[in-house]
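Understanding the architecture of this molecule
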Amino acid sequence: MSQRQGWLEGWRLLAALSLSLIVLSLWIASMRQFEVEGVRMVIRFTARSSLALFCLAFSAAALAQLWPNAWTRWQRRNRRYLGLSFAASHAIHAAAIVVFAWMDPASFAEATSVVSYIFGGLGYVVIMVMSATSFDRTAALIGPRAWRTLHLVGGYYLWFQFLVSFGKRVPAMPLYAAFLIPLLIVLALRMIAMARHPRARTVAAG
């Protein structure tokens, strides 16, 4: 791999993606003078950027097994940083939701429910725990078996949360069905990888 190809790796990748998400979110909000509609646009944008980054991280091991090439090896090698970038995207998403609740409490109350608080809150707990154990030292503290279980179960919970969050909008906005396609593709890739390699359950965790 050339030096230029290898530059966007690891912490540089995380920093570049996080900074890009912050700049884009501020730009999107500024399009509506940082009013409520601009904040809601940021919420929608970060939901979609989180989906893309989650799918990249969640499919990395399976793709590297099924189609080993320069891209999938890069994706597998940087799975941790793609996952942390997903966490950064969802942190911006959470911040935008808080601002929305502060700016327009009535509309926020109308758009949310007790179920969304519990379902979404648990999702954020999963993201925080998975992020906290995405470092060598913390992963070693809980041990490889607990790490694999946590990241496997957590990953599928987040997959299901994305499926429900985007899927529930399909009846009113059919174009939202397009966001379900990458989720179904990722699931199919993982299932195929595990079927071809019975022990891939361990490798593909997270």
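Residues numbered from 1 in each chain as written. Predicted model: local features only at pLDDT ≥ 70, side-chain atom pairs only at ≥ 80, totals over all residues. Heavy atoms only, no water.

**A look at the nonpolar core**
Condition: To define a nonpolar core, start from buried Ala, Val, Leu, Ile, Met, Phe, Trp, Tyr and Cys residues and group those joined through side-chain atoms within 4.5 Å. Relative accessibility under 20% of the residue-type maximum defines a buried residue, over 50% an exposed one, and the middle range a partly exposed one, all with a 1.4 Å probe and only protein chains included. Only DSSP runs of H or I covering at least 4 residues are called helices, and only runs of E covering at least 2 are called strands; the numbering of each starts at the N terminus. Should any heavy atoms of two residues lie within 4.5 Å, those residues are counted as being in contact.
Within the largest apolar cluster, 39 residues are counted, with the highest numbers of intra-cluster contacts made by Phe54, Phe86, Leu158, Phe162, Phe166 and Leu183. Broken down by secondary-structure element, the contributors of at least two residues to this core are α2 (10–30), α3 (36–58), α6 (79–103), α8 (114–132), α10 (144–167) and α11 (180–196). Residue contacts for phenylalanine 86: discarding those within four places in its chain leaves Ser50, Leu53, Phe54, Ile127, Leu158 and Phe162. One finds Ala62, Leu63, Leu66 and Leu189 within the second-largest nonpolar core, a separate group that totals five residues.

**A word on the side chain of serine 49**
Put simply, the rule is: Here a polar contact is recorded for every N or O atom pair within 3.5 Å, except that within protein the pair must consist of a potential hydrogen donor and a potential acceptor, and residues adjacent in sequence are included only if both atoms are side-chain atoms.
On the secondary structure map, serine 49 appears in helix α3. Looking at serine 49, the relative accessible area reads 11%, which means it is buried. A polar contact is formed between the side chain of serine 49 and the side chain of serine 89, at a distance of 2.7 Å. Those residues within four positions of serine 49 in sequence are excluded, and the remaining contacts are Leu21 and Ser89.

**Looking at the pattern of salt bridges**
Selection criterion: What counts as a salt bridge is simple: a side-chain nitrogen of Lys or Arg found within 4 Å of a carboxyl oxygen of Asp or Glu.
Going through the model one piece at a time under the given rule, you end up with three salt bridges. In this structure, glutamate 9 engages arginine 77 in a salt bridge whose closest nitrogen and oxygen atoms are separated by 2.8 Å. Residue glutamate 9 is found in the loop between α1 (3–7) and α2, and its partner arginine 77 is found in helix α5 (residues 70–77); the two are separated by 68 residues along the sequence. A relative accessible area of 15% places glutamate 9 in the buried class. Taking the relative accessible area as the measure of exposure, arginine 77 reaches 41% and is therefore partly exposed. Put simply, glutamate 37 and arginine 44 hold a salt bridge, and the shortest N to O gap is 2.9 Å. A relative accessible area of 32% places arginine 44 in the partly exposed class.

**A short note on the confidence of the model for the protein**
For clarity, the threshold we go by: Confidence scores here are pLDDT values: one per residue, from the predictor, ranging 0 to 100.
This prediction gives the protein a mean pLDDT of 92; 93% of its residues lie at or above 70. Across the protein, the secondary-structure element scoring lowest on mean pLDDT is helix α12 (residues 200–203), at 47, and the one scoring highest is α3, at 98. Counting contacts from residues 200–206, a segment whose pLDDT is below 50, to residues more than four positions away or on other chains yields 24 contacts.

**A closer look at α5**
The following threshold applies: To be clear, the arc concerns the directions from the helix axis to the C-beta atoms.
Listed in full, the buried residues belonging to α5 are Thr72, Trp74 and Gln75. Mapping the buried residues of α5 onto a view down its axis gives an arc of 155°, with all of them on the same face. Where the residues of α5 are buried, they touch α2, α3, α4 (60–66) and α6. Measuring from the backbone nitrogen of tryptophan 71 back to the side-chain oxygen at the start of α5 gives 3.0 Å, which picks out asparagine 69 as the cap.

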